[in-house]
Amino acid sequence: MDTNSIQEAPQYQTIARTIDYIKDNFQEQPSLGELAEVASLSPSHFQRMFTQWAGVSPKKFMQYISVEHAKKILKQPKSNLLDAAYDTGLSGTGRLHDLFINIEAMTPGEYKNSASALVIDYSFNKSPFGLLLIASTAKGICHIEFVDSPERGIDSLIANYSKARMQANKVPMHILALSIFMSDWRNFPQQVVQIKLHLKASDFQLKVWQALLQVPLGQLSSYGEIAKSIGKPKAPRAVGSAIGANPVAYLIPCHRVIQATGNSGGYRWGDTRKSAIIGWEGAKLDIAESEQPVEVAKH
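Cut-offs applied
- Residues numbered from 1 in each chain as written.
- Predicted model: local features only at pLDDT ≥ 70, side-chain atom pairs only at ≥ 80, totals over all residues.
- Heavy atoms only, no water.
- Helix = DSSP H or I, 4+ residues; strand = E, 2+ residues; numbered from the N terminus.
- Contact = heavy atoms within 4.5 Å.
- Areas by Shrake-Rupley, 256 points an atom, 1.4 Å probe, with all protein chains shown as cover.
- Buried < 20%, exposed > 50% of the residue type's maximum accessible area, 1.4 Å probe, protein only.
- Pairing = 2+ DSSP bridges.
- Axes fitted to C-alpha atoms, helices over the stretch in contact; angles between N-to-C directions.
- Expected span 1.5 Å × (residues − 1).
- Arc of directions from axis to C-beta.
- Patch = residues over 30% accessible without salt bridge, like charges linked within 9 Å, V, L, I, M, F, W, Y side chains within 5 Å.
- Salt bridge = Lys/Arg side-chain N within 4 Å of Asp/Glu carboxyl O.
- Lys, Arg positive; Asp, Glu negative; His and termini not counted.
- Charge placed at Lys NZ, Arg CZ, Asp CG, Glu CD.
- Parallel < 35°, antiparallel > 145°, perpendicular 65-115°, else oblique.
- Nonpolar A, V, L, I, M, F, W, Y, C, P; charged D, E, K, R; others polar.

A. Region of interest: the overall build of the chain. The number of helices and strands found in the chain is 14 helices and six strands. In the chain, the proportion of contacts linking residues at least 24 apart, taken out of those at least 6 apart, comes to 58%. Accessible surface computed for the chain: about 16700 Å², of which carbon and sulfur atoms make up 53%.

B. Looking closely at the pairing of strand β2 (residues 130-136). Most of β2 sits out of view: five of its seven residues are buried. As defined by bridge partners, strand β1 (residues 119-127) adjoins β2 across seven bridges and the pair is classed as antiparallel. Residue pairing across strands places Lys 126 opposite Leu 131, the latter belonging to β2. If you look at the hairpin formed by β1 and β2, you'll find two residues sitting between the two strands. In this structure, β2 lies alongside strand β3 (residues 141-146), joined through five bridges in antiparallel fashion. Across the sheet, Ser 136 pairs through a bridge with Ile 141, a residue of β3. Where β2 hands over to β3, the hairpin turn is made up of four residues, of which Gly 140 adopts a positive phi near 160 degrees.

C. The arrangement of the sheet that holds strand β4 (residues 165-168) in detail. Reading across the sheet, the four strands line up as β3-β2-β1-β4 and stay open at both edges, with mixed pairing between neighbours. Where the open sheet ends on each side, the last strands, each with one partner, are β3 and β4. Going from strand to strand, the sheet's axes swing by 25 degrees on average, the running direction of each strand aside. Helix-sheet contacts for helix α8 (residues 150-160) involve β1, β2, β3 and β4, and the interaxial angle to β1 is about 145 degrees.

D. Representation of helix α3 (residues 43-54). Between the first and last C-alpha of α3 there are 16 Å, a value that for twelve residues agrees with the 16 Å anticipated at 1.5 Å per step. Of all the positions in α3, only Phe 46, Met 49 and Phe 50 are classed as buried. Down the axis of α3, the buried set is contained in an arc of 100 degrees. They therefore lie on one face. Summarising the geometry of α3, the exposed residues directed more than 90 degrees from the buried face are Arg 48 and Gln 52.

E. Quick look at a positive patch on the surface. On the surface, Lys 72, Lys 75, Lys 163 and Lys 200 cluster together to form a positively charged patch. Residue placement: Lys 75 occurs in the loop between α4 (58-74) and α5 (81-87). Relative accessible area serves as the criterion here: at 55%, Lys 75 is assigned to the exposed category.

F. Looking closely at unusual backbone geometry. For Gln 29, which is not a glycine, the phi torsion comes out positive at approximately 50 degrees. One can find Gln 29 in the loop between α1 (3-25) and α2 (32-39). Even without being a glycine, Ser 40 presents a positive backbone phi close to 60 degrees. Since its relative accessible area comes to 63%, Ser 40 is described here as exposed.

G. The packing of helix α11 (residues 203-212) against helix α13 (residues 236-244), seen in detail. Where α11 meets α13, the closest approach of the two axes is 9 Å, and the angle between their N-to-C directions is 80 degrees. One finds that α11 runs roughly perpendicular with respect to α13. Contact residues: Phe 204, Gln 205, Val 208, Trp 209 and Leu 212 in α11; Ala 238, Val 239, Ala 242 and Ile 243 in α13. Within the contact of α11 with α13, the residues separate by chemical class into eight nonpolar, one polar and no charged.

The structure is reproduced here in structure tokens:
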């Protein structure tokens with residue numbers, strides 16, 4: 001048996017035991033010291049080991065568990081913020097507010113009211129790679145997807161925002177997003193910056209998507225390289241899952257990530273489309289570079 005596997009097995013069992021403990025006791029909001037006692041480790045050693053195995057700190061993991069429970073409470077019609085706070089083991093609505101801002105980037109009140117308040121404008125548009133569904137809220141683009149038909153596109157949008165009010169409406173934000181296929185590619189970076197996004201995601205997913213935005217136009221990266229860029233070199237599979245969950249096709253360029261072997265690595269909207277986009281970007285970039293003015297040295 002591999003020596004490393006022998007050494008890692010007890011560590012995995014320790015982390016699994018503490019994860020189960022957190023899930024069973026999060027309403028007591030156990031401290032780092034209490035969790036370390038469960039693991040029979042010093043707090044500092046436990047903190048390092050847990051973060052290495054789980055990808056997040058013990059505190060952040062407990063926050064994820066807590067906020068998911070609070071969300072279930074808030075979904076109940078007669079619930080209020082105080083109910084959610086106390087049932088989650090928090091001392092009051094102030095701590096509930098901080099928890100939601102930290103994890104969900106919205107207040108608990110906004111979450112409770114989001115089902116009826118969220119309005120999504122959507123439009124279908126032609127692109128070089130087929131029919132494109134673009135959707136947005138008042139805060140920014142929330143969904144871009146290559147679709148085979150309008151019906152399937154709407155089904156996909158509803159699946160992601162089941163309680164939002166949908167309205168067919170091509171707003172200026174859609175036109176700006178669509179212009180990335182048409183504009184002068186020498187101005188591409190500045191153009192992308194102008195497009196606002198409104199995404200719901202975990203901190204880890206957001207880090208991965210932000211890293212994708214740093215992959216230069218016309219170039220490729222690997223899952224391992226993206227994992228290293230966010231400080232998680234041992235998590236290429238988790239990175240791959242986050243890339244596969246990208247809700248904004250093309251604009252967040254998950255198509256620029258391939259396997260280290262050179263294989264495509266799959267694409268949510270089809271391997272053939274991914275290859276076509278990569279080739280098209282390379283050709284467009286070559287044209288843009290060839291049109292750059294040539295400086296003539298003066299003698």
